[in-house]
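A closer look at the structure
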Amino acid sequence: MKEFNAQEQSSATVIDGKAFAQKLRHEVGSQVASFVGAHGRPPGLAVVLVGEDAASQVYVRTKMRQAEEAGIASFAHRLPAVTTEAELLELIVALNADERVDGILVQLPLPDHIDEGGVIEAIAADKDVDGFHPRNVGRLATGESALVPCTPLGCLLLLQDRLGDLTGLKAVIVGRSNIVGKPMAQLLLKAHCTVTMAHSRSRNLADECRQADILVVAVGRPGMIGSDHVKPGATVIDVGINREELGEGQSRLVGDVDFAAVAKVAGAITPVPGGVGPMTVACLLRNTLYAAQRRESARQKASELDVSTKGVAGEPG
Ligand code: GUN
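Computed from a prediction, not measured in an experiment: that's the story for all the values here. (Residues numbered from 1 in each chain as written. Predicted model: local features only at pLDDT ≥ 70, side-chain atom pairs only at ≥ 80, totals over all residues. Heavy atoms only, no water.)

Observations regarding the pattern of salt bridges
According to the stated counting rule, one finds twelve salt bridges in the structure shown. Among the ionic pairs, Asp98 bridges to Arg100, the shortest N-O distance being 2.7 Å. Note on Asp98: relative accessible area 17%, which makes it buried. Through salt bridges with shared partners, a single ionic network connects Arg41, Glu99, Asp102, Arg295, Glu296 and Arg299. (Salt bridge = Lys/Arg side-chain N within 4 Å of Asp/Glu carboxyl O. Buried < 20%, exposed > 50% of the residue type's maximum accessible area, 1.4 Å probe, protein only.)

Put into structure tokens, the structure is as follows:
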């Protein structure tokens, strides 16, 4: 008779991103309260939505609600799909100058007639809580302090919570987007991982992925990663959010990873929903607080400089 093999039965730890994000939002909330005590105002987040994309509307509502719950002042700007690029840029110029606003988020995708890159570049880099501005992208790449994109930052926090120090681990990222794949690679490099970037056109994708202690998948293809892509015991982070139609008007959200199959092989795995998604919003709140703290300390430094130069100018010759 075949002996019972615990290994065959084992299944991965499911990483509870929802609970972790809730804890993070509470931590941000108490730091926001200290910020209000110190500066007499809350951090402010402006969220701009152009058009009526259903998924974007849900994301924006969630971002605004959770900001308010953490004590962050939120300013919503919902613009019609026919908004011109010049009108949007005019709004961004006003938000850049608005003292109450520490963070500006323009929800993507924008309608086709608007140049996304130009809009992102128009946002003041110190208010770019998405971390998409070329200055923040460059600062992350060179290892300087930067506002970092929220989704990869959320993935990093989950990985560090699960694995502790990531030094020397082999990380494979599937997907090379500016929003997730590329900044994820920079963050994992900074955390001393050995990083491979793969994508939908990589040769021998399963072989590449099977090298990974950490596998991060962000391609937008439901169920693309199966058990043959995963080394036993690996930690798998599924960034994909795909809507699967079930017929009769029913649908459900699924990731890029075949959860049931991979959970039999991996050591730990994020579910969809309830994995990376909630971390993105929690990290947005964290970035907004960070941007507000940085702006206040820059303001303080500028006023100290002002006082000291006035003092020098006033001294007798
Ligand atoms: N659309 C999908 N993800 C994001 C994000 O992280 N930020 C913005 N601004 N838009 C998005």
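Past the structure itself, the notes keep going.
Regarding the layout of surface pockets
Of the voids in this model, the second largest pocket is the one considered here, and its volume is about 180 Å³. For the lining of the second largest pocket, the leading source of residues is strand S10 (residues 250-254), giving three residues. For the lining of the second largest pocket, the residue count by class is seven nonpolar, three polar and four charged. (1 Å grid on protein atoms, 1.4 Å probe; cavity = no way out; pocket = protein on both sides within 12 Å on 5 of 7 lines; lining within 4 Å. Points joined across faces, edges and corners; volume = space filled by probe spheres on them. Helix = DSSP H or I, 4+ residues; strand = E, 2+ residues; numbered from the N terminus. Nonpolar A, V, L, I, M, F, W, Y, C, P; charged D, E, K, R; others polar.)

Some remarks on the environment of Gln107
Topologically, Gln107 is positioned in the loop between strand S4 (103-106) and helix H5 (116-122). Sequence separation between Gln107 and Ser297 is 190 residues, and the spatial gap between their C-alpha atoms is 28 Å. Discounting chain neighbours no more than four positions away, the residues touching Gln107 are Val48, Leu49, Ser56, Tyr59, Val60 and Lys63. A polar atom in the side chain of Gln107 sits 2.7 Å from the side chain of Lys63. (Contact = heavy atoms within 4.5 Å. Polar contact = N/O pair within 3.5 Å; in protein donor to acceptor, adjacent residues only side chain to side chain.)

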